[in-house]
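So you can see what is in the structure, the chains are spelled out below.
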Amino acid sequence: MLSDALRAFRETFSPPFRRVMVISVGLTILVLALFGAGLQWALAAMPAFGPDFAGGWVDAILEFVARFLAVIVLVPLVHPVVSLVAGLFLENIAARVEAEDYPADPPGRDQPFWQSILVAIRFTLVLVVVNLLALPFYLVPGVNLVLFWVVNGYLLGREFFELVALRHIPAVEAQGLRKRHGVRVFLAGVIIALFTTVPVLNLFAPLFGTALMVHTYKGLAARRPA
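Right, let's walk through the structure included here. These numbers come from a predicted model, not from an experiment. (Residues numbered from 1 in each chain as written. Predicted model: local features only at pLDDT ≥ 70, side-chain atom pairs only at ≥ 80, totals over all residues. Heavy atoms only, no water.)

1. Thoughts on the packing of helix 4 (residues 90-101) against helix 10 (residues 205-221)
Between two packed helices, the angle of one axis relative to the other and the distance separating the axes together describe the packing. Close contact between helix 4 and helix 10 brings their axes to 9 Å; oriented N to C, the two are set at 45 degrees. Of the possible angle classes, the one that applies to helix 4 and helix 10 is oblique. The element helix 4 and its partner helix 10 pack so that their crossing is right-handed. The residues of helix 10 that touch helix 4, namely those facing Leu-90, Ile-93, Ala-94, Val-97, Glu-98 and Asp-101, are Pro-206, Leu-207, Thr-210, Ala-211, Val-214, His-215 and Lys-218. (Axes fitted to C-alpha atoms, helices over the stretch in contact; angles between N-to-C directions. Helix = DSSP H or I, 4+ residues; strand = E, 2+ residues; numbered from the N terminus. Parallel < 35°, antiparallel > 145°, perpendicular 65-115°, else oblique. Left-handed = near helix turned anticlockwise from the far one by under 90°. Contact = heavy atoms within 4.5 Å.)

2. Things to note about the pattern of salt bridges
Applying the stated criterion across every chain, the model contains five salt bridges. For Glu-98, the salt bridge identified is with Arg-167, shortest N-O distance 3.0 Å. With Glu-98 in helix 4 and Arg-167 in the loop between helix 7 (144-165) and helix 8 (171-180), this pair connects stretches of sequence that are 69 residues apart. Glu-98 gets classed as buried once you look at its relative accessible area, which sits at 6%. In this structure, Lys-218 engages Asp-105 in a salt bridge whose closest nitrogen and oxygen atoms are separated by 3.2 Å. (Salt bridge = Lys/Arg side-chain N within 4 Å of Asp/Glu carboxyl O. Buried < 20%, exposed > 50% of the residue type's maximum accessible area, 1.4 Å probe, protein only.)

3. Topic: the nonpolar core
Among the nonpolar cores identified, the biggest contains 43 residues, and Phe-160, Phe-161, Ile-192, Phe-208, Leu-212, Met-213 and Tyr-217 are the most heavily contacted of them. Counting only elements with at least two residues in this core, the list comes to helix 1 (2-12), helix 2 (15-44), helix 4, helix 5 (113-133), helix 7, helix 8, helix 9 (182-196) and helix 10. Per element, the largest residue contribution to this core is ten residues, and it comes from helix 10. Among all residues touching Leu-212, those that are not within four sequence positions of it are Asp-4, Ala-5, Ala-8, Ala-188, Ile-191 and Ile-192. (Core = buried A, V, L, I, M, F, W, Y, C linked by side-chain atoms within 4.5 Å.)

So, in structure tokens, the structure goes:
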């Protein structure tokens, strides 16, 4: 598994993937900037009590708390936003990895464009909801990172594995293969989750995750009975 991870890491930054990487990261930064600007606008639009109300300290406290919460909420949303944008390019990444590393295997079937968008939106919403529900626990030192890796490792492992597997086998078979090798898929997902906690590198996590899951799927598919 570690060899697959190192292989996927090298491929993520290799020349064949740079165009997709640059477009994906550029769009991600744009979306995050727009989201951050929207938060700033919302904070500026908050009603004020005025300097005559308790000497103005209530406004100061409310503004501090609001900006603190805005940052806390924005941090967990970075990865879902990255996943949403990169989801538009993951089929392309999977196809490139398969063509370069497994040329003798039958090529995978690309999902329809609109279906890929719906899958990306659905997965993003799941990531947002689950991470916002876990947000209070992310504030607990010693628990936050471990919980983040476990929760997102499961979600990322499941989603990326099935995304790759569906290029080759029906949904029922993909889910069955994932469940039979649940530990392997989960650990691969944890590696992707670890990747997302490294600043800057987290912008490339979906591309890395897709490449890693192609190798993971190919390894497991080779064990399937004919």
